[in-house]
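# Structure assessment
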Amino acid sequence: MRKDIYEKMQILADSAKYDVSCSSSGSENNHKTGELGATHNSGICHTFTADGRCVSLLKVLLTNFCIYDCAYCINRKSNDIKRTAFSPRELADITINFYKRNYIEGLFLSSGIIDSEDHTTNLILRVLKILRHEYRFNGYIHVKLIPGADERLIEQVVSLANRVSSNIELPSDKSLKLLAPNKTKEKVLQPLKHARDISLEKDTKPIGMSTQLIVGATPESDKDILKLSSVLYDKALLKRVYYSAYIPVNDDKNLPALVNKPPLLREHRLYQADWLLRFYDFSYDEIVSDEFPNLDEDVDPKTSWALQNLQYFPMEINKASKDELLRIPGVGARGVMKILKARRFKSLDFDDLKKLKISLKRAQYFITCKGKSKSKTAFYREDIKQAIIAPPKKKIIQPTLFDINYSHITGEL
Amino acid sequence: MILVYDRTFEGFLTLVYDVYYEKLKPSEILYTQPKTLLLDEIKEIITNEQKANKVLKAIKNSFPKKTFELILNIFMCDSKEFEMDLLKYIILGFKDKNELFNINNFEVFYLQNLQKELFRSVHKMTGFTRFEELEDGTLYAKIETKFNMAYFLGRHFLKRLNNQKYIIHDIDRKIAFIKNDDFIGIQNIASFEEPTLSQDEEKFKKLWNTFFKSIAIETRENKKCQQNLVPLLYRTFMTEFL
């Protein structure tokens, strides 16, 4: 039974949608005369789906046939779903035509395991070779490595792709054993480690790598997750770790029963913490500790850190160093740059900050300008937190219509 | 005093010249004669190439490169009223060029932000522009944007569609960036006919729409977030929103 190309696209895009990674950023601008395609350092979003996620890459599976049976995965062997596959030629043609119409920034290629790990990796390689050698395509390609594939094959993939990744999915070996019986942490990390070693040997710029962790399917705390992320950033040369709120797609006795809503807020807080790790020079044990292993859902992690460390505050805007300014809740990297630029010419007060469009909503509790503070809130942890969660509302007295004495018959007062 | 100029770059430079040498004190700068009766004096600026060149040369010589580029970029923001601020900016620069980096000055901060808005908008359009393939293989895109950005987009696609022929057509401003074997650059388009599309065009549009629909996760639907990220303003020619 043959399926037409539209149905194939529908099935294989649908199967790939739970992979959150779709960024094309962080690669060098690399255009070459006479070739098709170039990567863009900042990445470009080409559209946004109905769930508000960026579409930058053509994210599909080569096939959704799979020999594995991971409990959380929609494509697992024991699920009764429609199965199909693109031929490498078909997929390469679609990619080129989408690219020419500026629908996409490049290709994100993942695959179920068909036949064997090596066979699948070979199919992926075919697609890459057609794109790179035949069509002279120079755009972005992200490949999901197949754990357990031959190292020489992985090497070839790494040399043709812009970024490779391998999803760890679960933050601990125990959870993996429970939910993904065919995988171990070793096996999942093996292709990433190998790819890292290749790029270290070559002494070239390391290839970008990323991974994904599922949040909320197993009982790990935010501390376990962030610790893992920060180790991955430090050691494995990873560029990004993605977090994905667990959405039940299968029924399984090992999965948490009936979650009403995916833990989206927790996912959001984890991303905020992740940004602190990567761009604000925080370490994971500053953000979470044994005492508070989970992130505070009421306030963002930076505010939460500031509340735990009030001894550094209030900070004087005109004197604090760049690193110190970066630690003020509600002031980001751009805000810090503006402050640094502006204070070269004059000493700043709150009006100046307002003119520079720096948000004081949270920052006002933690800063002083020329020694003066703006907030009237007492400088205690609980008071500030309360003020941030529920800012005091202005009192408006609404006169009611009915408390005046008037005649019921004529309406006269 | 109200100044009226013809909205060209040369016209604006002439205006700078006149303000400087005739010591005018404008309260407003317009590009059409006001229809209502105003008590203020109105002066029309007559574009003069010599004056314009003189000012242009002076700016080029004494302004840092970045600020000169900013002046050019601001002129692409044609849906905003930037004239008064730009005039003040240029006067400020002639007095003390270091002040052009002091963002405590209102006009410096405003113009820098306007330039950022332009770049942000260009960046969005680099993703949201949609090409269609014509019979002869040329890629053709219509755009409708709040700023004049055909040039920026053309330059962007020069890198990635290097071996292709393409046209980026700004419908409202009646200009197009054209790249083919013997011409690369902006041209005026007085009138045009809907071109014939290639045979494959429908197939790939349909495929793209199929992909776009099935990639969304229903349980996480958030239309408001989507609209914040792709405002309706940008959707006029986007295949998946038609």
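Calculation criteria
- Residues numbered from 1 in each chain as written.
- Chains lettered and ligands numbered in written order.
- Predicted model: local features only at pLDDT ≥ 70, side-chain atom pairs only at ≥ 80, totals over all residues.
- Helix = DSSP H or I, 4+ residues; strand = E, 2+ residues; numbered from the N terminus.
- Buried ≥ 20, exposed ≤ 12 C-beta atoms within 10 Å, placed from the backbone.
- Contact = placed C-beta atoms within 7 Å.
- Domains from an automatic or database assignment.
- Pairing = 2+ DSSP bridges.
- Axes fitted to C-alpha atoms, helices over the stretch in contact; angles between N-to-C directions.
- Core = buried A, V, L, I, M, F, W, Y, C linked by C-beta atoms within 7 Å.
- Parallel < 35°, antiparallel > 145°, perpendicular 65-115°, else oblique.
- Nonpolar A, V, L, I, M, F, W, Y, C, P; charged D, E, K, R; others polar.
- Arc of directions from axis to C-beta.
- Right-handed = clockwise from strand over helix to strand, strands pointing away.

So, on to the overall build of chain B. Helices and strands together make up the secondary structure of chain B, namely eight helices and eight strands. By its C-alpha atoms, chain B is 65 × 45 × 40 Å across when sized along the principal axes. Buried positions account for 30% of the 242 residues belonging to chain B. Summarising the internal contacts of chain B: among those between residues at least 6 apart in sequence, 69% fall at separations of at least 24.

Okay, the domain arrangement of chain A next. Residue and element names in this part refer to chain A. For chain A, the assigned domains read domain 1 (5-287) and domain 2 (301-389). Put simply, the middle of domain 1 and the middle of domain 2, counted by C-alpha atoms, are 38 Å apart. Contacts between the two partners involve nine residues from domain 1, matched on the other side by six residues from domain 2. Within the residue set of the side of domain 1 that touches domain 2, elements represented by two or more residues are helix H8 (264-279) and helix H9 (284-287). The greatest single-element share of the side of domain 1 that touches domain 2, amounting to five residues, is contributed by H8.

Residue and element names in this part refer to chain B. The strand order across the open sheet built from three strands is S2-S1-S3, with neighbouring strands paired in parallel fashion. Two strands close off the open sheet at either side, each with one partner strand: strand S2 (28-30) and strand S3 (42-44). Pairwise comparison of adjacent strand axes, ignoring direction, gives a mean angle of 25 degrees for this sheet. Bridge analysis of strand S1 (residues 2-4) against S2 gives three bridges, and the strand direction is parallel. By the bridge assignment, Leu 3 is partnered in S2 with Ile 29.

Right, let's talk about the nonpolar core for a bit. Counting 151 residues, the largest nonpolar core has Leu62(A), Val157(A), Val164(A) and Ile168(B) as its most contacted members. Residue contributions to this core peak at six residues, all from helix H5 (residues 106-128) of chain B. Beyond its immediate sequence surroundings of up to four residues, Val157(A) is in contact with Thr121(A), Ile124(A), Leu125(A), Leu128(A), Val143(A), Leu145(A) and Val164(A).

Next up on the list: the packing of helix H1 (residues 9-21) of chain B against helix H2 (residues 49-62) of chain B. All names here are of chain B. Direction vectors running N to C along H1 and H2 enclose 80 degrees, while the axes themselves pass 8 Å from each other. On the basis of their axis angle, the class for H1 and H2 is roughly perpendicular. The residues of H2 that touch H1, namely those facing Glu 10, Leu 13, Thr 14, Val 16 and Tyr 17, are Glu 49, Lys 51, Ala 52, Lys 54, Val 55 and Leu 56. Of the residues assigned to the contact of H1 with H2, the class counts are six nonpolar, one polar and four charged.

Before going further, it helps to examine the sheet that holds strand S8 (residues 184-188) of chain B. Residue and element names in this part refer to chain B. Here five strands make up an open sheet; going across it, the order is S4-S5-S6-S7-S8 and the pairing mixed. Of all strands in the sheet, those with a lone pairing partner are strand S4 (131-133) and S8, marking the two edges. Strand-to-strand twist of the sheet, defined as the mean angle between neighbouring strand axes without regard to direction, takes the value 20 degrees. Inspection of the sheet shows strand S7 (residues 175-179) paired to S8 by five bridges, in the antiparallel sense. Within S8, the residue paired with Phe 177 across the bridge is Ile 186.

The next thing to look at is the interface of chain A and chain B. Frequently, the measure chosen for interface size is the accessible area that the parts lose on association. Across the contact, 41 residues belong to chain A and 40 residues belong to chain B. Going through the elements one at a time, helix H1 (5-16), strand S1 (47-48), helix H2 (88-100) and helix H12 (333-343) of chain A are the ones with two or more residues in the side of chain A that touches chain B. When residues of the side of chain A that touches chain B are assigned to their parent elements, the largest contribution, six residues, is made by H1(A). Here the side of chain A that touches chain B is composed, by residue class, of 19 nonpolar, eleven polar and eleven charged.

So, about the domain arrangement of chain B. Residues and elements named next belong to chain B. According to the domain assignment, chain B contains domain 1 (2-120) and domain 2 (129-241). Taken together, the contacts link five residues of domain 1 with four residues of domain 2. Here the side of domain 1 that touches domain 2 is composed, by residue class, of three nonpolar, one polar and one charged.

Now for helix H3 (residues 65-74) of chain B. Residues and elements named next belong to chain B. Here H3 has its buried residues at Thr 67, Leu 70, Ile 71 and Ile 74. Within H3, the buried residues cover an arc of 100 degrees as seen down the axis, which keeps them to one side. Exposed and facing more than 90 degrees away from the buried side of H3 are Lys 65, Glu 69 and Leu 72. On its buried face, H3 sits against H2, helix H4 (83-95) and H5.

All names here are of chain A. The buried fraction of strand S5 (residues 140-144) amounts to five of the five residues, a majority that puts the element mostly inside the structure. Neither face of S5 is left uncovered, since the one carrying Tyr 140, His 142 and Lys 144 and the one carrying Ile 141 and Val 143 both have all their residues buried. As paired elements, strand S4 (residues 106-110) and S5 share four bridges and run parallel to each other. In the sheet register, Leu 109 faces S5, and the bridge partner there is Val 143. Sheet topology note: the S5/strand S6 (residues 163-165) ladder contains three bridges and is parallel. By the bridge assignment, Val 143 is partnered in S6 with Val 164. At this point the chain moves from S5, through helix H4 (residues 151-160), to the parallel S6, and the crossover so formed is right-handed.

All names here are of chain B. Residue position: Asp 40 is located in the loop between S2 and S3. Taking the C-alpha atoms as reference points, Asp 40 and Pro 26, separated by 14 residues in sequence, lie 10.0 Å from one another. If sequence neighbours within four positions are ignored, Asp 40 has contacts with Met 1, Ile 2 and Ser 27.

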